[in-house]
Amino acid sequence: MAIISSKPQPPEPDDLSQSELFSDGISKKPSGKRIPPNGKLPDLSNAKQPLLEPEAKPEERSQQEERLRPRRLSEYIGQKDLKEVLDIAIQAAKVRQETLDHLLLYGPPGLGKTTLSLILAEEMGVGCKMTTAPALERPRDIAGLLLGLQPGDVLFIDEIHRLPKVTEEILYAAMEDFRLDVTLGKGSSARTRSIPLKHFTLVGATTRVGALTSPLRDRFGLIQRLRFYEIDELLQIVLRTAGILKMAVSDEGATEIARRSRGTPRIANRLLKRVRDYVQVKELGNLTEAIAAEALERYNIDPLGLDWTDRRLLTVMIENFNGGPVGLETIAAATGEDAQTIEEVYEPYLLQIGYLNRTPRGRIATAAAWKHLGYTPPDSQLSIL
């Protein structure tokens, strides 16, 4: 199974031939980056990064990261209902000898949307081309990908809600009628030409399904949501990853990591790697519950998965504003964080575990948040809740 990733390319001259118009957009120009004489890039494994950020970092997209991904639907842990739906779709497509219907996956980042697209291609025995919506800036970018697809191939577009309008309109005919409409020439000499495409499966992934336009959303035959994982599912993922990384870990130690992973497999794998670093440097041997807790405390991650910023956010609300209600902009000013970052990164998990409420008057820290941080909620606060 071939995996091809498309990346944004620098602007090129407009006087291109037709063959160049539909190329895959891979630039032959120098990147401008300096490579050390030994040909090796510096090791960034110890670079400082937020451990609880569910978005994948560039340094994580490595061969080791690919080894952690399951290759078959039977190996995929969690998302039971979604797996059943996809299994039926795969078997039906094989019986009819057809391509899979277009699939839209949505949900929070880090839950396995990219992994599922690779699994679909593996199960169908076809290739998978991967790209992101911001990479498809010009019509030639998407045209090159579509013309390069083989029969049955899977085209995975991440963050599909960020597709440019022109690119999105090209996809309409490609998804529905498997044709590519192009305009040749300009002005009065312009003419439209339709190029037939091989039948393919488009897998779109998004964290904001509401941002998709109705015409694009309605062209997907399957629309499925990925949910957060339970602790027992994350436990299986941690144990599987530990086996691949050849780590000795107890069930209790894996459970401790799973408990602090915010219901997200990507975070669970990231925490396991950081704990592995701690165990190896300290030469502690097998990963037990106590060692896992000690290591994660060093990274300021508490038993519920809250990091320093989460606790700072709640502490400011409790100490400065008596738990709320308090406006978002006021919280941002008091904590020094960006309002959009608070709303999109920190608040979702705090709302999910019931530590924060949103009301017309502002945000409120719940009684559970007071108790978790060691405060006693006043009667007035309890009456508001």
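First, a word on what this report is: a plain description of the structure on this page.

Another aspect to go through is the nonpolar core. Grouped burial of nonpolar side chains is what soluble globular proteins tend to show. In terms of nonpolar packing, the biggest core is built from 50 residues, with L116, I257, L272 and L287 touching the most fellow members. Among the elements that line this core, the one with the most residues is helix α10 (residues 265–282), at seven residues. Residue contacts for L272: discarding those within four places in its chain leaves V238, T241, A242, L245, M247, I257 and L287. Counting residues in hydrophobic clusters, the runner-up holds 28 residues, among them L104, L145, M175 and L216.

Glancing now at the side chain of E168. By the secondary structure assignment, E168 is in helix α6 (residues 165–177). One buried charged residue, E168, forms no salt bridge at all, with the nearest opposite charge on K165 at 4.4 Å. For E168, the contacting residues outside a window of four places in its chain are L163, T213 and L216.

What follows covers the pattern of salt bridges. Within this structure, the stated rule accounts for 17 salt bridges. Taking the shortest distance from any N to any O, the salt bridge between R311 and D302 comes out at 3.7 Å. The same class applies to R311 as to D302, namely buried.

Attention shifts here to α6. Here α6 spans 19 Å end to end across 13 residues, near enough to the 18 Å set by a 1.5 Å rise per residue. Residues T167, E168, I170, L171, Y172, A173, A174 and M175 constitute the buried set of α6. One or two residues past the end of α6 sits F178, with phi positive at roughly 50°.

Further remarks concern unusual backbone geometry. Phi is positive for Q97, close to 55°, though the residue is something other than glycine. The phi dihedral of K246 falls on the positive side, at around 60°, and the residue is not glycine. Inspection of the secondary structure puts K246 in the loop between α8 (231–244) and α9 (251–259). Since its relative accessible area comes to 77%, K246 is described here as exposed.

Conventions we followed
Residues numbered from 1 in each chain as written. Predicted model: local features only at pLDDT ≥ 70, side-chain atom pairs only at ≥ 80, totals over all residues. Heavy atoms only, no water. Core = buried A, V, L, I, M, F, W, Y, C linked by side-chain atoms within 4.5 Å. Buried < 20%, exposed > 50% of the residue type's maximum accessible area, 1.4 Å probe, protein only. Helix = DSSP H or I, 4+ residues; strand = E, 2+ residues; numbered from the N terminus. Contact = heavy atoms within 4.5 Å. Lys, Arg positive; Asp, Glu negative; His and termini not counted. Salt bridge = Lys/Arg side-chain N within 4 Å of Asp/Glu carboxyl O. Expected span 1.5 Å × (residues − 1).

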